[in-house]
Protein chains: 2
Amino acid sequence: MTGGAALARVRVVLVGTSHPGNIGAAARALKTMGLARLALVNPRRFPDPEADARASGAADLLASATVHASLADALAGTRLAIAFTARPRDLALPMLDAAQAGELAAADAAHGEVALVFGNETYGLANDEIALCQRYARIDADPGYASLNLAAAVQVAAHEVRKAALRPVPRDYAPPDAASHEDVEILLARLERALVAKGHLDPADPKRLTERLRTLFHRARLSRTEVDLLHGVIGALEK
Amino acid sequence: MTGGAALARVRVVLVGTSHPGNIGAAARALKTMGLARLALVNPRRFPDPEADARASGAADLLASATVHASLADALAGTRLAIAFTARPRDLALPMLDAAQAGELAAADAAHGEVALVFGNETYGLANDEIALCQRYARIDADPGYASLNLAAAVQVAAHEVRKAALRPVPRDYAPPDAASHEDVEILLARLERALVAKGHLDPADPKRLTERLRTLFHRARLSRTEVDLLHGVIGALEK
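Presented here is an overview of the structure given in this document. Position numbers for residues start from 1 in each chain and track the written sequence from start to end. Chains and ligands are labelled by the order in which they are written, letters from A for the one and numbers from 1 for the other. In keeping with the model being predicted, local features are shown solely for residues with a pLDDT of at least 70 and side-chain atom pairs are shown and tallied solely at 80 or more, while totals for entire chains, interfaces and linings include all residues. Side-chain figures throughout are based on the complete set of non-hydrogen atoms in the structure, without hydrogens or water.

1. Observations regarding the overall build of chain A
Then comes step 1: In DSSP terms, a helix is any run of H or I states spanning at least four residues, a strand is any run of E spanning at least two, and both are numbered starting from the N terminus. When helices and strands are tallied, chain A shows 11 helices and 6 strands.
Then comes step 2: On C-alpha atoms alone, chain A measures out to a radius of gyration of 18 Å, which is about the 18 Å that the 2.2 N^0.38 rule sets for 239 residues.
Then comes step 3: Buried, partly exposed and exposed residues are distinguished by accessible area as a fraction of the type maximum, computed with a 1.4 Å probe on protein chains only: under 20%, between the cut-offs, and over 50%, respectively. Out of the 239 residues in chain A, the part that is buried amounts to 53%.
Then comes step 4: In short, Shrake-Rupley with a 1.4 Å probe defines the accessible areas, and a residue's cover is counted only from the protein chains shown. Carbon and sulfur atoms make up 55% of the accessible area of chain A, which amounts to about 10,600 Å² in all.
Then comes step 5: Charged side chains in chain A number 28 positive and 28 negative. The centres of these two groups are separated by 2 Å. Every radius of gyration here is taken over C-alpha atoms, with the globule rule written as 2.2 Å times N^0.38, N being the number of residues. Charged residues are defined here as Lys and Arg on the positive side and Asp and Glu on the negative side; His and the ends of the chain fall outside this count. We put the charge of a Lys on NZ, of an Arg on CZ, of an Asp on CG and of a Glu on CD.

2. Let's talk about the pattern of salt bridges
Then comes step 1: Only one rule defines a salt bridge in this text: a Lys or Arg side-chain nitrogen within 4 Å of an Asp or Glu carboxyl oxygen. According to the stated counting rule, one finds 26 salt bridges over all chains in the structure shown.
Then comes step 2: The partner of Arg 11 of chain A in a salt bridge is Glu 113 of chain A, and the shortest N-O contact between them spans 3.2 Å. With Arg 11 of chain A in strand β1 (residues 10-15) and Glu 113 of chain A in strand β5 (residues 113-118), this pair connects stretches of sequence that are 102 residues apart.
Then comes step 3: Residues participating in the shared-partner salt-bridge network are Glu 160 and Lys 163 of chain A together with Glu 160 and Lys 163 of chain B.

3. Observations concerning the interface of chain A and chain B
Then comes step 1: A contact between two residues is defined here by any heavy atoms of the two lying within 4.5 Å. Across the contact, 30 residues belong to chain A and 30 residues belong to chain B.
Then comes step 2: The term buried area denotes the loss of accessible surface (1.4 Å probe radius) that occurs when two parts are joined, taken as the sum for both partners. For the pair chain A and chain B, the two sides together bury roughly 2,200 Å², of which 53% comes from carbon and sulfur.
Then comes step 3: Per-residue buried area on chain A facing chain B is highest for Arg 28, Thr 32 and Tyr 145 of chain A; these three make up 27% of the total on that side.
Then comes step 4: The interface formed by chain A and chain B includes 4 salt bridges.
Then comes step 5: In this structure, the salt-bridge partner of Glu 160 of chain B is Lys 163 of chain A, at a minimum N-O distance of 2.5 Å.
Then comes step 6: The term polar contact refers here to a pair of N or O atoms within 3.5 Å; inside protein, the definition further demands a hydrogen-donor-capable atom paired with an acceptor-capable atom, and it admits residues adjacent in sequence only when both atoms are side-chain atoms. For the pair chain A and chain B, the number of links is 16 residue pairs in polar contact (both at pLDDT 80 or more).
Then comes step 7: Mapped by element, the contributors of at least two residues to the side of chain A that touches chain B are α2 (20-32), α3 (49-55), α6 (98-109) and α8 (150-165) of chain A.
Then comes step 8: The leading source of residues in the side of chain A that touches chain B is α8 of chain A, at 7 residues.
Then comes step 9: For the side of chain A that touches chain B, the residue count by class is 14 nonpolar, 8 polar and 8 charged. For this classification, Asp, Glu, Lys and Arg are treated as charged, while Ala, Val, Leu, Ile, Met, Phe, Trp, Tyr, Cys and Pro are nonpolar and the rest, including Gly, are polar.

Below is the structure:
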């Protein structure tokens, strides 16, 4: 597949954006780098004239942008989501830098849908939003002032994805048949029901265990085959 | 020298900027990447409240920004200036991409002052402005819509410089005692005077020949030693 076809499979997801101007500027950033898909989760104001103005020649990307009530909804169909976060966090995986994130996104987009996820201008992404992503990235910045504008961060990320997509990728980062977002959520829901039925899980507060399992599955980057295998295991155990 | 010290020697020069918001956003972009110096050539409006607003936490960079009546003035003291241009041009040298420009700027900043030069939002840099620069760069973009916002382009360029400055540089790109902008201009002015005196040059229209010599000298990346040598040659010839 060509690099351009891989770029077409990369969506940018903006979560809880406060300033519509940043949505427009992000659309412009995407389009200049050959990306075409923008997903918005609970934007404060959209559509908005300020978004239109800052989008400049990328009005088509705003027109085709999808609006979602949750990040999970915006990630439908993805095999890889990379959360961009400015703050160092206590995460299960090391942070990728922007170039590594671009390489990973481009490599995975050869096989399926990929999302780059950006949080609110002030607060970034919440922990439960980051938990929906398989990998985390941070754009290296000056420790004294690391506050990139949202659209500027999107521009840097898209630039790195474009660079990586348009050059040969020497190695693969994940199974070709990676499980989708939904595959994993369905598996988790089934496992949760089974554990409740067995009295292992308090149905009033099942959250913690499910969260840990989600983190584990995403860290492992499950294949579809492995998801089927786990369904088989659960089915056998719950009999 | 450390990568941070190299970053401190890289200035960004914005020529003929129309929108003060872009000046503010560019200042923010610089500061996030650990760059600290902004030079403005004939900005349409500066200072301006819109620049302040978009600069966010980078007000100090706007306060210390220098304003110049010509690009030549803004390049004073530099040993290398890289012109960023969106359009393919008939230039004497191949275009660098953003990563190559970042590597070159970081490598040269280990030896002295470096400038990254950006033109007007609509018209870019004029040919006589590009001619003042030793190298040219273009941020790769989608052929269908290559119009990066000015501050977004500055962000990408600064990101690439930072990446290059903070990793070891394996090789050198130019003589350690590279001639400064002024060294070359003084040499050119002297040569021009000598040629006029000899009747080789029409003092009413000396432009074309001087321009060609400037292009030649910049392409060669003269060292100070070579500038001295050329002064000696001119002095000997004009006797």
